[in-house]
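# Reading the structure
Spelled out from the first residue to the last, the chains are:
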Amino acid sequence: MAAMCPALLWIFAIVLNDGSKNLNQTVVFQGGGMKTLIIVSHPDFAHSVANQRIVFRVKEALPEVELRHLDTLSPDYKIDVAAEQEVLLGADLLIFQHPLYWFSVPASLKLWMDKVLHRGFAYGEGGSRLKGKQFIHSVTMGGPQESYSPEGRNHYTLPELLRPFELMRNLTGMHHAGTVCSYGNTFVADSGHSRAEIQATADDHAAHLVSCIRKVAKGS
Ligand SMILES: Cc1cc2nc3c(=O)[nH]c(=O)nc-3n(C[C@H](O)[C@H](O)[C@H](O)COP(=O)(O)O)c2cc1C
């Protein structure tokens, strides 16, 4: 069995890598006429276990969803603001997919928000271009669920930590269509959760995310 594991992992890596090739396809999920855009932020996607699996599973279930991996599109952190805004304008449902980094988003997503969601576009005078769009936040945590509570190590719940994004939604006029989260996702070889356990958690996470997307598409 031990001798088989590397071979199985290798085969699985090929399958996942094949799925990740589709990351930047400009194709759109049109369930019920709805266009879904997933903004993926992860600085080391090639070594991701949770986010890579979630994205692969969602794409498998909903092939037409548009995925934009910020760190692939702008590896030098130079964002094509006009191109990003054009894609955003075409979407009915916007999803942020990322690991929690220092209780917030990875750098590429923070920069994307700072540059793309600017005054006159996303908020302020004349800035109502995102108004009425749906928004889902999909985030993976390394820490265990019990650490995200008033009694836990991190003191705050996830909704409390994600309050800046609630305020972003309010300011831009987007509707909250759900938060999908999973905990205990840190994979360290030979300690903590196994790769298989994290992938199983990611499968549940992806199934929940797909169900949220379908609900929005159905208008419920
Ligand atoms: C720079 C950095 C910061 C992190 N900050 C947090 C954190 O604040 N809270 C947490 O629960 N996990 C944190 N983690 C763990 C990641 O969230 C976790 O490894 C990730 O969700 C696993 O997803 P992946 O397999 O797609 O990388 C951090 C990891 C890194 C590398």
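Right, let's walk through the structure included here.

Rules and cut-offs
- Residues numbered from 1 in each chain as written.
- Predicted model: local features only at pLDDT ≥ 70, side-chain atom pairs only at ≥ 80, totals over all residues.
- Heavy atoms only, no water.
- Helix = DSSP H or I, 4+ residues; strand = E, 2+ residues; numbered from the N terminus.
- Buried < 20%, exposed > 50% of the residue type's maximum accessible area, 1.4 Å probe, protein only.
- Polar contact = N/O pair within 3.5 Å; in protein donor to acceptor, adjacent residues only side chain to side chain.
- Phe/Tyr/Trp six-rings, centres within 6.5 Å; stacked < 30°, edge-to-face > 60°.

Before going further, it helps to examine the environment of glutamine 145. Inspection of the secondary structure puts glutamine 145 in the loop between β4 (134–140) and α6 (158–161). Look at glutamine 145 and you get exposed, because its relative accessible area is 52%. Spatially, the C-alpha atom of glutamine 145 lies 8.0 Å from that of serine 182, the residues being 37 residues apart in sequence.

Trans is the prevailing form of peptide bonds, just as negative phi is the prevailing case for residues other than glycine. Its identity as a non-glycine residue notwithstanding, phenylalanine 103 has a phi of 60 degrees, on the positive side. Relative to the helices and strands, phenylalanine 103 is located in the loop between β3 (93–99) and α5 (107–116).

Here we take up the environment of arginine 68. Within the secondary structure, arginine 68 is located in strand β2 (residues 66–69). Exposure remark for arginine 68: the relative accessible area of 9% places this residue in the buried category. For arginine 68 and glutamine 97, which are 29 residues apart along the polypeptide, the C-alpha to C-alpha distance reads 10.0 Å. Polar contacts involving the side chain of arginine 68 include one to the side chain of glutamate 84, which spans 2.7 Å.

Looking now at the packing of aromatic side chains. A complete count under the given rule lists 5 aromatic pairs for this structure. Residues phenylalanine 96 and phenylalanine 135 carry aromatic rings whose centres are separated by 4.9 Å and whose planes lie at 85 degrees to one another, so their mutual orientation is edge-to-face. Within this pair, whereas phenylalanine 96 is found in strand β3, its partner phenylalanine 135 is found in strand β4, the two being separated by 39 residues in sequence. Among the residues examined, phenylalanine 96 registers a relative accessible area of 0% and is labelled buried. The structure contains a cluster of three or more aromatic residues connected by ring pairs, namely Trp102, Phe103, Tyr148 and Tyr183.

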